[in-house]
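# A look at the structure
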Amino acid sequence: MIKHILFPFDFSAQASQVAPFVRALASRYGASITVLSVVPPTFEVMPAGMGVRAGEDVSDWTGALQSRLDQALITELAGVPVERIADAGDPGFRITDFAHSHGVDLIMMPTHGLGLFRSLLVGSATSKVLHDARCPVWTAAHAEQQRAGGLPKTILCAVDGSAASGALLTWAADFSTRVGAALKLLHVVGSITDWPSLERERALQEQVRQAAQTEVVSLQASAGVHAPLRVAVGDIAATVTEHAREENADLILIGRGSLQSALGRLRTHAYGIIQRSPCPVLSV
């Protein structure tokens, strides 16, 4: 169950575009929302001079930020219980610390807000939250403009075939049912040959693809999840995001458990999926 949603907010246009998604999901689950805004330790990061210079009193800045935050998103989050909190410190750390200490069930945030190179990189705060948070993290499409906010109608769940995939499938099925969305599954097999034009190599690649499909179908059966499955061959991030476009998906759902290991598969591919995705990504 999702009963407490944390919405980190930095007053950027990208963050404001996340609000309709937050409100829609909170309304469906009957969840409360905490809007958290953090004064960072460097002056240049926040808009309208919202930042702390060395030697300045942080309480003065957090008080000013709290006053501004109290007037923010009044219309956008109307009809759901909202608490607004101003804090100071490293944004990524403060977000994850709040989530861990206040029983947050879901974090919803843009991938970037202010700053140079924002179209090239997942923001450092978002990257830290994705790595450290113990609850699911919803990230907006990595773009200047979002699709119309609301509940997803089509969810694409990328399954990696690991031991944790059964739990991901169960979570995805329950979430899809609760929000009223169609669930579709995708498993991507990496290419095993540099010579795909050769018939022998194609046959070997197809054997690998078929074996992977058998494995994922078995995982589906064990989890009791009935959803259409496609097993494709290619680069993981590119194939997942391309398939999301083909299916006109409103949300990509991926597992994030392996992110905690130094060389986990998701650490290699999650950021690529988030950066290229045409829609929000929910990392569980």
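Owing to the predicted nature of the structure, the values given are computational and were not obtained by experimental measurement.

Quick look at the packing of aromatic side chains now. One pass over the full model with this rule turns up 5 aromatic pairs. Taking 6.3 Å as the distance between ring centres and 20° as the angle between the ring planes, the aromatic pair formed by Tyr29 and Phe175 counts as stacked. On the criterion of sequence distance, the pair formed by Tyr29 in helix α1 (residues 13-29) and Phe175 in helix α5 (residues 165-179) is long-range, its members being 146 residues apart. Of the residues examined, Tyr29 reaches a relative accessible area of 7% and is grouped as buried. Of the aromatic side chains, those joined through ring pairs into one cluster are Phe7, Phe9 and Phe11. A cation over an aromatic ring shows up here: Arg68 above the ring of Phe11, its NZ or CZ 4.1 Å from the ring centre.

Compared with the 24 Å implied by 1.5 Å per residue over 17 residues, the 26 Å span of α1 between its first and last C-alpha is a close match. Residues of α1 that are buried include every one of Gln14, Ala15, Gln17, Val18, Ala19, Phe21, Val22, Ala24, Leu25, Ala26 and Tyr29, and no others. In the core, the buried residues of α1 are packed alongside β1 (4-8), β2 (32-39), β4 (106-109), β5 (137-139) and α5.

Pairing within the open sheet is mixed, and its 10 strands lie in the order β3-β2-β1-β4-β5-β10-β9-β6-β7-β8. Each of the sheet's edge strands pairs with one partner strand only, and the pair in question is β3 (82-88) and β8 (229-233). Averaged over all adjacent pairs, the angle separating strand axes in this sheet is 25°, with direction ignored. In the sheet, β1 pairs with β4 via 2 bridges, with the strands oriented parallel. Bridge assignment links Ile5 to a residue of β4, and that residue is Leu106. Across the face of the sheet, helix α3 (residues 91-101) comes into contact with β1, β2, β3 and β4 while running at roughly 150° to β2.

A few words on the pattern of salt bridges. Scanning the model with the defined rule gives 8 salt bridges in all. Put simply, Asp87, Arg94 and Asp97 are held in one network by salt bridges that share partners.

Right, let's talk about the packing of α1 against α5 for a bit. Packed helix pairs are characterised by how far apart their axes lie and by the angle those axes make with each other. Packing of α1 against α5 brings their axes to within 10 Å, and their N-to-C directions diverge by 90°. What the angle tells us is that α1 and α5 run roughly perpendicular. Here α1 contributes Leu25, Arg28 and Tyr29 to the contact with α5, which in turn contributes Phe175, Arg178 and Val179.

For the rest of this paragraph, the subject is the packing of α5 against helix α6 (residues 199-223). Interhelical geometry of α5 versus α6 gives an angle of 60° and a closest axis separation of 9 Å. Viewed along their axes, α5 and α6 adopt a mutual orientation that is oblique. Every pair of crossing elements has a handedness; the one defined by α5 and α6 is right-handed. On α6, the residues touching Ser165, Gly166, Leu169 and Thr170 of α5 are Leu219, Gln220 and Ala223.

When helix α7 (residues 236-246) is considered as a whole, its buried residues turn out to be Ile236, Ala237, Thr239, Val240, Thr241, His243 and Ala244. For α7, the side-chain oxygen to backbone nitrogen distance between the N-cap and Ala237 is 3.4 Å, and the N-cap itself is Asp235. Positive backbone phi, at 55°, marks Asn248, one or two positions downstream of α7.

The phi torsion at Phe11 lies on the positive side, around 70°, for a residue other than glycine. Tracing the sequence through the fold places Phe11 in the loop between β1 and α1. The class for Phe11 is buried, based on a relative accessible area of 17%. Its identity is not glycine, yet Asn248 carries a phi of approximately 55°, on the positive side. Along the polypeptide, Asn248 turns up in the loop between α7 and β9 (251-254).

Rules of the game
- Residues numbered from 1 in each chain as written.
- Predicted model: local features only at pLDDT ≥ 70, side-chain atom pairs only at ≥ 80, totals over all residues.
- Heavy atoms only, no water.
- Phe/Tyr/Trp six-rings, centres within 6.5 Å; stacked < 30°, edge-to-face > 60°.
- Helix = DSSP H or I, 4+ residues; strand = E, 2+ residues; numbered from the N terminus.
- Buried < 20%, exposed > 50% of the residue type's maximum accessible area, 1.4 Å probe, protein only.
- Lys NZ or Arg CZ within 6 Å of the ring centre and 35° of its normal.
- Expected span 1.5 Å × (residues − 1).
- Contact = heavy atoms within 4.5 Å.
- Pairing = 2+ DSSP bridges.
- Axes fitted to C-alpha atoms, helices over the stretch in contact; angles between N-to-C directions.
- Salt bridge = Lys/Arg side-chain N within 4 Å of Asp/Glu carboxyl O.
- Parallel < 35°, antiparallel > 145°, perpendicular 65-115°, else oblique.
- Left-handed = near helix turned anticlockwise from the far one by under 90°.
- Polar contact = N/O pair within 3.5 Å; in protein donor to acceptor, adjacent residues only side chain to side chain.

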